[in-house]
Amino acid sequence: MSQTFTHLISDCDGVLLDTEAIAFEVLQRELATSLPGIDVAAAILPRLGLTLDALLADIARHHPLSMSASDIEQLRDTVEGEVAERLQLIPGVAAAMAAVPLPRAVVSNSAGHRVRAALNKTGLTPLFENRVFCADEVGAAKPDPALYLAASQAFGVAPQHCLVVEDSVTGVRAAVAAGMTVLGFTGAGHVADGQADKLLACGACTTFDDMQRLPQLVALLCQHHQQ
(Lines give C-alpha, C1' and ligand atoms only; values in the text may rest on other atoms or scores of the structure.)
Protein backbone atom coordinates (compact mmCIF):
# COMPACT_ATOMS: atom_id res chain seq x y z
CA MET A 1 0.00 0.00 0.00
CA SER A 2 1.47 3.37 -0.99
CA GLN A 3 1.30 6.32 1.33
CA THR A 4 -1.50 8.76 0.68
CA PHE A 5 -1.22 12.46 0.00
CA THR A 6 -0.85 14.36 3.25
CA HIS A 7 -0.65 18.06 2.31
CA LEU A 8 -2.26 20.50 -0.16
CA ILE A 9 -0.42 23.39 -1.79
CA SER A 10 -2.29 26.05 -3.76
CA ASP A 11 -1.27 28.75 -6.17
CA CYS A 12 -2.82 32.13 -5.35
CA ASP A 13 -3.70 34.19 -8.44
CA GLY A 14 -6.12 32.27 -10.63
CA VAL A 15 -6.80 29.58 -8.01
CA LEU A 16 -7.71 31.38 -4.79
CA LEU A 17 -8.21 34.86 -6.19
CA ASP A 18 -9.75 35.71 -9.56
CA THR A 19 -7.04 38.27 -10.24
CA GLU A 20 -5.36 37.07 -13.43
CA ALA A 21 -8.21 38.37 -15.57
CA ILE A 22 -7.70 41.83 -14.04
CA ALA A 23 -3.94 41.70 -14.54
CA PHE A 24 -4.45 40.51 -18.12
CA GLU A 25 -6.80 43.42 -18.83
CA VAL A 26 -4.43 46.01 -17.33
CA LEU A 27 -1.38 44.60 -19.11
CA GLN A 28 -3.19 44.67 -22.45
CA ARG A 29 -4.14 48.30 -21.92
CA GLU A 30 -0.75 49.45 -20.67
CA LEU A 31 1.37 47.60 -23.25
CA ALA A 32 -0.75 48.47 -26.29
CA THR A 33 1.28 51.56 -27.20
CA SER A 34 4.60 49.77 -26.61
CA LEU A 35 3.71 46.92 -28.98
CA PRO A 36 2.21 48.56 -32.08
CA GLY A 37 0.98 46.15 -34.70
CA ILE A 38 1.23 43.22 -32.29
CA ASP A 39 -1.63 41.08 -30.95
CA VAL A 40 -0.95 42.14 -27.35
CA ALA A 41 -3.45 39.71 -25.83
CA ALA A 42 -1.86 36.78 -27.66
CA ALA A 43 1.57 37.90 -26.46
CA ILE A 44 0.51 38.13 -22.79
CA LEU A 45 -1.91 35.25 -22.26
CA PRO A 46 0.49 32.27 -22.59
CA ARG A 47 2.88 34.01 -20.18
CA LEU A 48 0.44 34.64 -17.34
CA GLY A 49 1.79 32.98 -14.22
CA LEU A 50 5.31 34.27 -14.78
CA THR A 51 6.61 37.16 -12.69
CA LEU A 52 6.12 40.52 -14.39
CA ASP A 53 9.86 40.83 -15.09
CA ALA A 54 9.99 37.37 -16.66
CA LEU A 55 6.80 37.99 -18.66
CA LEU A 56 8.14 41.24 -20.13
CA ALA A 57 11.57 39.74 -20.81
CA ASP A 58 10.03 36.79 -22.65
CA ILE A 59 7.82 39.06 -24.75
CA ALA A 60 10.90 41.18 -25.57
CA ARG A 61 12.66 38.07 -26.90
CA HIS A 62 9.99 37.77 -29.58
CA HIS A 63 8.75 41.34 -30.12
CA PRO A 64 10.32 44.81 -30.17
CA LEU A 65 9.55 45.79 -26.58
CA SER A 66 11.86 48.19 -24.75
CA MET A 67 11.07 49.28 -21.19
CA SER A 68 13.30 50.94 -18.61
CA ALA A 69 13.44 49.80 -14.99
CA SER A 70 11.28 52.75 -13.98
CA ASP A 71 8.75 51.90 -16.71
CA ILE A 72 8.51 48.35 -15.35
CA GLU A 73 8.07 49.55 -11.77
CA GLN A 74 5.34 51.94 -12.85
CA LEU A 75 3.60 49.12 -14.71
CA ARG A 76 3.93 46.85 -11.65
CA ASP A 77 2.37 49.53 -9.42
CA THR A 78 -0.51 49.99 -11.87
CA VAL A 79 -1.24 46.28 -12.14
CA GLU A 80 -0.99 45.64 -8.39
CA GLY A 81 -3.08 48.71 -7.59
CA GLU A 82 -5.98 47.72 -9.84
CA VAL A 83 -5.83 44.09 -8.74
CA ALA A 84 -6.00 45.11 -5.07
CA GLU A 85 -8.88 47.50 -5.72
CA ARG A 86 -10.97 44.93 -7.63
CA LEU A 87 -9.98 41.87 -5.60
CA GLN A 88 -12.42 38.97 -5.54
CA LEU A 89 -12.35 35.29 -4.65
CA ILE A 90 -12.72 32.38 -7.04
CA PRO A 91 -16.35 31.32 -6.45
CA GLY A 92 -16.62 28.63 -3.77
CA VAL A 93 -12.91 28.55 -2.98
CA ALA A 94 -13.11 29.26 0.75
CA ALA A 95 -15.58 26.44 1.40
CA ALA A 96 -13.72 24.07 -0.92
CA MET A 97 -10.35 24.63 0.75
CA ALA A 98 -11.88 24.33 4.22
CA ALA A 99 -13.45 21.01 3.23
CA VAL A 100 -10.09 19.45 2.30
CA PRO A 101 -8.88 17.76 5.50
CA LEU A 102 -5.18 18.37 4.86
CA PRO A 103 -2.73 21.05 6.04
CA ARG A 104 -2.56 23.75 3.35
CA ALA A 105 -0.01 26.23 2.04
CA VAL A 106 0.09 28.95 -0.64
CA VAL A 107 2.87 29.19 -3.24
CA SER A 108 2.96 32.27 -5.50
CA ASN A 109 5.15 34.17 -7.93
CA SER A 110 3.58 37.39 -6.64
CA ALA A 111 5.24 39.53 -3.97
CA GLY A 112 4.82 38.21 -0.45
CA HIS A 113 3.39 41.43 0.99
CA ARG A 114 0.74 41.56 -1.74
CA VAL A 115 -0.28 37.93 -1.32
CA ARG A 116 -0.60 38.22 2.46
CA ALA A 117 -2.59 41.45 2.17
CA ALA A 118 -4.96 39.82 -0.31
CA LEU A 119 -5.42 36.73 1.85
CA ASN A 120 -6.15 38.94 4.85
CA LYS A 121 -8.60 41.10 2.92
CA THR A 122 -10.54 38.10 1.60
CA GLY A 123 -10.52 36.19 4.89
CA LEU A 124 -8.48 33.25 3.59
CA THR A 125 -5.47 33.64 5.92
CA PRO A 126 -6.72 31.23 8.63
CA LEU A 127 -7.05 28.43 6.06
CA PHE A 128 -3.30 28.48 5.46
CA GLU A 129 -2.02 29.41 8.93
CA ASN A 130 0.45 31.88 7.42
CA ARG A 131 2.14 29.17 5.33
CA VAL A 132 2.84 31.43 2.35
CA PHE A 133 5.83 30.99 0.05
CA CYS A 134 6.54 33.71 -2.52
CA ALA A 135 9.18 34.21 -5.18
CA ASP A 136 10.65 37.41 -3.76
CA GLU A 137 11.15 35.75 -0.36
CA VAL A 138 12.36 32.31 -1.47
CA GLY A 139 14.62 33.76 -4.15
CA ALA A 140 13.30 31.75 -7.07
CA ALA A 141 10.18 31.93 -9.23
CA LYS A 142 8.11 29.33 -11.05
CA PRO A 143 8.76 27.44 -13.32
CA ASP A 144 11.71 26.77 -10.99
CA PRO A 145 10.54 24.10 -8.51
CA ALA A 146 12.23 25.82 -5.54
CA LEU A 147 9.02 27.45 -4.28
CA TYR A 148 7.21 24.12 -4.10
CA LEU A 149 10.20 22.41 -2.54
CA ALA A 150 10.37 25.14 0.11
CA ALA A 151 6.73 24.46 1.01
CA SER A 152 7.21 20.69 1.30
CA GLN A 153 10.36 21.19 3.37
CA ALA A 154 8.47 23.52 5.71
CA PHE A 155 5.80 20.84 6.09
CA GLY A 156 8.51 18.27 6.75
CA VAL A 157 7.24 15.88 4.08
CA ALA A 158 8.57 14.49 0.83
CA PRO A 159 7.31 16.27 -2.32
CA GLN A 160 5.46 13.18 -3.56
CA HIS A 161 3.06 13.46 -0.63
CA CYS A 162 1.91 16.94 -1.70
CA LEU A 163 -1.06 17.70 -3.93
CA VAL A 164 -0.95 20.99 -5.83
CA VAL A 165 -3.68 23.15 -7.38
CA GLU A 166 -2.41 25.30 -10.27
CA ASP A 167 -3.99 27.26 -13.13
CA SER A 168 -0.97 28.07 -15.31
CA VAL A 169 1.49 26.12 -17.43
CA THR A 170 4.27 27.88 -15.53
CA GLY A 171 2.94 26.68 -12.19
CA VAL A 172 2.20 23.13 -13.31
CA ARG A 173 5.74 22.78 -14.66
CA ALA A 174 7.17 24.00 -11.35
CA ALA A 175 5.14 21.58 -9.24
CA VAL A 176 5.79 18.62 -11.54
CA ALA A 177 9.52 19.39 -11.50
CA ALA A 178 9.31 19.33 -7.70
CA GLY A 179 7.89 15.80 -7.87
CA MET A 180 4.34 16.70 -6.89
CA THR A 181 0.93 15.68 -8.26
CA VAL A 182 -1.00 18.57 -9.81
CA LEU A 183 -4.69 19.33 -10.24
CA GLY A 184 -5.17 21.89 -13.02
CA PHE A 185 -7.85 24.50 -12.31
CA THR A 186 -9.51 26.13 -15.33
CA GLY A 187 -12.40 28.04 -13.74
CA ALA A 188 -10.84 31.51 -13.38
CA GLY A 189 -11.92 34.51 -15.43
CA HIS A 190 -8.79 34.67 -17.59
CA VAL A 191 -8.82 31.07 -18.83
CA ALA A 192 -8.93 30.66 -22.61
CA ASP A 193 -10.17 27.72 -24.67
CA GLY A 194 -7.69 24.89 -24.72
CA GLN A 195 -6.12 25.66 -21.35
CA ALA A 196 -7.10 22.29 -19.88
CA ASP A 197 -5.24 20.48 -22.66
CA LYS A 198 -2.17 22.66 -22.06
CA LEU A 199 -2.14 21.90 -18.34
CA LEU A 200 -2.49 18.17 -19.01
CA ALA A 201 0.27 18.29 -21.61
CA CYS A 202 2.75 19.75 -19.12
CA GLY A 203 1.97 17.25 -16.38
CA ALA A 204 -1.31 17.92 -14.55
CA CYS A 205 -3.00 14.62 -13.64
CA THR A 206 -6.48 16.05 -14.25
CA THR A 207 -8.28 19.37 -14.66
CA PHE A 208 -11.46 20.87 -13.23
CA ASP A 209 -13.34 24.14 -13.70
CA ASP A 210 -15.58 24.27 -10.61
CA MET A 211 -13.90 24.80 -7.23
CA GLN A 212 -16.72 22.89 -5.50
CA ARG A 213 -15.24 19.70 -7.02
CA LEU A 214 -11.91 20.10 -5.24
CA PRO A 215 -12.70 18.17 -2.02
CA GLN A 216 -14.03 15.21 -4.00
CA LEU A 217 -11.04 15.17 -6.34
CA VAL A 218 -8.63 15.23 -3.41
CA ALA A 219 -10.54 12.42 -1.69
CA LEU A 220 -10.49 10.29 -4.84
CA LEU A 221 -6.76 10.77 -5.35
CA CYS A 222 -6.04 9.95 -1.72
CA GLN A 223 -8.19 6.81 -1.96
CA HIS A 224 -6.47 5.72 -5.16
CA HIS A 225 -3.01 6.10 -3.61
CA GLN A 226 -4.02 4.05 -0.57
CA GLN A 227 -4.93 1.05 -2.71
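Everything below is about the structure shown above.
A quick note: this is a predicted structure, and the numbers were derived from the prediction, not measured.

Asks: Lay out the pairing of strand β2 (residues 104-108) in plain terms, naming residues and giving numbers.
Replies: With five of five residues buried, β2 is to be regarded as a mostly interior element. Neither face of β2 is open: one carries Arg 104, Val 106 and Ser 108, the other Ala 105 and Val 107, and all of them are buried. Alignment of strand β1 (residues 7-10) against β2, held across three bridges, turns out to be parallel. Opposite Ile 9, over in β2, you have Ala 105 as the bridge partner.

Asks: Go over the layout of surface pockets with me, naming the residues and quoting the values.
Replies: Volume-wise, the largest pocket comes out at about 570 Å³. What lines the largest pocket is a set of 28 residues, and nearest its centre among them are Leu 50, Thr 51, Leu 52, Asn 109 and Ser 110. Counting only elements with at least two residues in the lining of the largest pocket, the list comes to α1 (20-31), α3 (52-60), α4 (69-85) and α8 (135-138). Per-element tally for the lining of the largest pocket: the top contributor is α4, with four residues. Looking at the lining of the largest pocket residue by residue, the classes come out as 10 nonpolar, seven polar and 11 charged. Along the wall of the second largest pocket there are 18 residues; nearest its centre are Leu 45, Pro 46, Val 169, Gln 195 and Lys 198. Of all the elements in the fold, those that place two or more residues in the lining of the second largest pocket are α10 (169-177) and α11 (195-201). Among the elements that make up the lining of the second largest pocket, the one with the highest residue count is α10 (three residues). Considering only residue class, the lining of the second largest pocket consists of eight nonpolar, five polar and five charged.

Asks: Which residues make up the side chain of Gln 195, and what are the values?
Replies: By secondary structure assignment, the location of Gln 195 is in helix α11. With a relative accessible area of 16%, Gln 195 lands in the buried category. Ignoring anything within four residues of it in the chain, the contact list for Gln 195 reads Asp 167, Ser 168, Val 169 and Thr 186.

Asks: I'd like a description of the packing of aromatic side chains, backed by residues and values.
Replies: Scanning the model with the defined rule gives one aromatic pair in all. Considering the side-chain rings of Phe 185 and Phe 208, the 5.2 Å spacing of their centres and the 55 degrees angle between planes classify their relative orientation as tilted. Here the residue Phe 185 occupies a position in strand β5 (residues 181-185), and Phe 208 occupies one in strand β6 (residues 206-208), the gap between them amounting to 23 residues. The class of Phe 185 is buried, set by a relative accessible area of 1%.

Asks: I'd like a rundown of the side chain of Asp 11, residues and numbers included.
Replies: Within the fold, Asp 11 resides in the loop between β1 and α1. Looking at Asp 11, its side chain comes within polar contact range of the side chain of Lys 142, at 2.8 Å.

What counts and how
Residues numbered from 1 in each chain as written. Predicted model: local features only at pLDDT ≥ 70, side-chain atom pairs only at ≥ 80, totals over all residues. Heavy atoms only, no water. Buried < 20%, exposed > 50% of the residue type's maximum accessible area, 1.4 Å probe, protein only. Helix = DSSP H or I, 4+ residues; strand = E, 2+ residues; numbered from the N terminus. Pairing = 2+ DSSP bridges. 1 Å grid on protein atoms, 1.4 Å probe; cavity = no way out; pocket = protein on both sides within 12 Å on 5 of 7 lines; lining within 4 Å. Points joined across faces, edges and corners; volume = space filled by probe spheres on them. Nonpolar A, V, L, I, M, F, W, Y, C, P; charged D, E, K, R; others polar. Contact = heavy atoms within 4.5 Å. Phe/Tyr/Trp six-rings, centres within 6.5 Å; stacked < 30°, edge-to-face > 60°. Polar contact = N/O pair within 3.5 Å; in protein donor to acceptor, adjacent residues only side chain to side chain.

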